[in-house]
Amino acid sequence: MTTVSPGGMGVFMKTYCIKRRQTLSTGLEHAWRFFSDPANLSLITPPWLNFTITSGVPDAIYPGLIISYRIRPIGGVAVPWVSEITHVQAPHYFVDEQRSGPYRFWHHQHHLKAARGGVDVLDIVHYRLPLGVIGMPVHAIWVHRRLDEIFRFRYHALERHFD
């Protein structure tokens, strides 16, 4: 399930929130190893984004890790994105934040919790678009739908990987 809700950040800017839950048929440590390895991002990103990591990455994340990559969200136009892993509490939680890229603000929390029959995964993303009031109709027409498609792809990719 994806929830997108606007939050207040003044008249000219909205902060949106996506919450996505999923239970995977695996153990907590196995799920953590998968999610904390930046190389696995390409496995859970839709092919139409042409996601490419452009920096070196270690086998596991750590606070302060900078990851550079490129996506092609619109008509093959390359968009660079730089993220920082700001918080890590293995094997339960980490946060990535956009340092530069297509959003004015991007804060993505990844929560993992042992559960009956597997691991509950909760993604919470807060984001803001650039362009002030122009960004709001762009969100309604295009961004909301694209993010839903990305998280839907991710959901099914994770189901295939872990089931």
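Remember, predicted model here, so these are calculated numbers, not experimental data.

K.L.:
Looking at this structure, I do not really get the overall build of the chain. What am I missing?
P.N.:
Scanning the chain from terminus to terminus reveals two helices and eight strands. Across the chain, helices and strands are ordered from the amino to the carboxyl terminus as β-β-α-β-β-β-β-β-β-α. For the C-alpha atoms alone, the extent of the chain along its principal axes is close to 45 × 35 × 30 Å. Here the chain holds 163 residues, and the buried ones make up 42% of them. Considering only contacts in the chain between residues 6 or more positions apart, those separated by 24 or more positions represent 45%. As presented, the chain carries roughly 8600 Å² of accessible surface, and 58% of it is formed by carbon and sulfur atoms.

K.L.:
What should I look at first to understand the pattern of salt bridges in this one?
P.N.:
Pairing is possible between side chains that carry opposite charge, provided their charged atoms lie close to one another. According to the stated counting rule, one finds seven salt bridges in the structure shown. R99 is the salt-bridge partner of E97, the closest N and O atoms lying 3.1 Å from each other. Judged by relative accessible area, which is 15%, E97 ranks as buried. A salt bridge links R146 to E149; its shortest N-O distance comes to 3.4 Å. Within this pair, R146 and its partner E149 are both found in helix 2 (residues 135–162), separated by three residues, close to a single helical turn. You can call E149 partly exposed: its relative accessible area is 24%. The structure contains a network of salt bridges with shared partners spanning R20, D148 and R152.

Procedures and definitions
Residues numbered from 1 in each chain as written. Predicted model: local features only at pLDDT ≥ 70, side-chain atom pairs only at ≥ 80, totals over all residues. Heavy atoms only, no water. Helix = DSSP H or I, 4+ residues; strand = E, 2+ residues; numbered from the N terminus. Buried < 20%, exposed > 50% of the residue type's maximum accessible area, 1.4 Å probe, protein only. Contact = heavy atoms within 4.5 Å. Areas by Shrake-Rupley, 256 points an atom, 1.4 Å probe, with all protein chains shown as cover. Salt bridge = Lys/Arg side-chain N within 4 Å of Asp/Glu carboxyl O.

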